[in-house]
Amino acid sequence: MAHEDGLLRELTTLRRGWGLETERLRSRLGPLVSGWCEIHRTTSDRDARRVLREAISAAIAEFPADDRLAVNVALGIAPGAQHALLSDRVGVLAERLSVSERTARRRIDRSFSRLAAEIEAGTRPRDDVPDPDQGWFVKRLKALVRLDTPEPELIEERLIVATREGLTRISAQFTVPRTEDGLDGEREVAADAQHGVRIAAAEREGQRHFRWLLDLPRPLARGETHTFSLVIRVRDGLPIRPSYAFVPLVTCESFAVRVRFDPARPPRSVWRLDRVPVSVLADPPQPGESLPLDGAGEVAQDFAAPQLGYAYGLRWLPQDIP
């Protein structure tokens, strides 16, 4: 019942203002509604709006006609209901049902309570094995790239939010980008759990892509948060591409990266990668505005709400490249 109440609160928030027509729709969605619709797999507000409309339409398909209308008008889905204020849409519903605005508002409240109950019933755990790539999203990712160690080292700390009940296993992925000469071949990468998870299995896909299945210390309830950290090391001694790029595959609300350079080999230039198409990463470097190293030989950058399928991070020119 607590989860159903949480869903109702998120749905009630969603019907305010412009409803589904609001700007920055994805940022308005709570973790329970996002998880229900798997909004983390969408790449824009337009896609999120389409997914929500389809999911809501399916959920209310067997509602009485007046209740279906109440949901669609309240969210601004129904034709002629695209108004900036919920109170205006309540008036639209009252007119179409030939009732008072007070009665129309009660109809909306009742319909949304039933919608929350339908969603809750449809998202209860099933007996099949859940997909570790689904059922959660990243609220915050902090990445530290260390180039002052004997081998390149990446420390990632994630704060995740469960979007399904009883989440017990998630996944992490890492790709060693191909170097400019393309002669790096098969790579050797190792991962170690610093805290918050245990590595249940390691998988290699091709020469450069790695995936780990991570067991959580206890099942997470829907909406619950958890923090864990992994250390990933490139162990083969081969050159790496002079960049670190994060490409979100699930929703990530914030991302921060810090690169610590070898004081004996500082870069000639460092610049920010911000919403860069993944296909561009393999192109010859096109330096942007140069970022200064601080006294510790580090460069740090923050990114708010990185978009799925695009790259964010830092790229640099080593000293030995003209």
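Scroll up to find the structure.
Not measured: the values here are computed from a predicted model.

**Student:** If you had to explain the overall build of the chain to someone new, which residues and values would you point to?
**Tutor:** Per the secondary structure count, the chain includes seven helices and twelve strands. With respect to the three principal axes, the spread of C-alpha positions in the chain is 75 × 45 × 35 Å. The proportion of buried residues among the 322 residues of the chain is 43%. A separation of at least 24 residues holds for 71% of the contacts in the chain among residues at least 6 apart in sequence. By element, 49% of the accessible surface of the chain is carried by carbon and sulfur atoms, the whole surface being about 16300 Å².

**Student:** Tell me about the packing of aromatic side chains, residues and numbers included.
**Tutor:** In the structure shown here, the tally under the stated rule is six aromatic pairs. Aromatic pair Phe-210 and Trp-212: ring centres 6.4 Å apart, planes at 15 degrees, arrangement stacked. Taken as a pair, Phe-210 and Trp-212 share a single burial class, namely buried. For the ring pair Tyr-244 and Phe-255, a centre distance of 6.4 Å and an interplane angle of 45 degrees mean the geometry is tilted. Here Tyr-244, found in strand β8 (residues 243-246), pairs with Phe-255, found in strand β9 (residues 254-260); they are eleven residues apart in sequence, far enough to count as distant. Owing to a relative accessible area of 8%, Tyr-244 belongs among the buried residues under this scheme. Given the relative accessible area of 1%, Phe-255 is considered buried. Joined through ring pairs, the aromatic side chains of Tyr-244, Phe-246, Phe-255, Phe-303 and Tyr-312 make up one cluster. Taking NZ or CZ as reference, Arg-15 lies 4.7 Å from the ring centre of Phe-112, over its face.

Cut-off values and rules
- Position numbers for residues start from 1 in each chain and track the written sequence from start to end.
- The predicted nature of this model means local features are confined to residues of pLDDT at least 70 and side-chain atom pairs, given and counted, to a pLDDT of 80 or more, with totals for whole chains, interfaces and linings taken over all residues.
- Hydrogens are left out, water is left out, and the side-chain values use all remaining heavy atoms of the structure.
- We count a stretch as a helix when DSSP gives it H or I for four or more residues in a row; a strand needs E for two or more, and each element gets its number in order from the N terminus.
- Any residue under 20% of the maximum accessible area for its type is buried, any over 50% is exposed, and the rest in between are partly exposed; the area is computed with a 1.4 Å probe on protein chains only.
- Whether two residues are in contact is decided by their heavy atoms: any pair within 4.5 Å suffices.
- Accessible areas in this description were obtained via Shrake-Rupley with a 1.4 Å probe; residue shielding takes into account the shown protein chains only.
- Put simply, two rings from Phe, Tyr or Trp (the six-membered ring, in Trp's case) pair if the centres are within 6.5 Å, and we call them stacked under 30 degrees between planes, edge-to-face over 60, tilted for the rest.
- Here, over-ring charges are defined by two tests on the NZ atom of lysine or the CZ atom of arginine: distance to the ring centre within 6 Å, and angle to the ring normal within 35 degrees.

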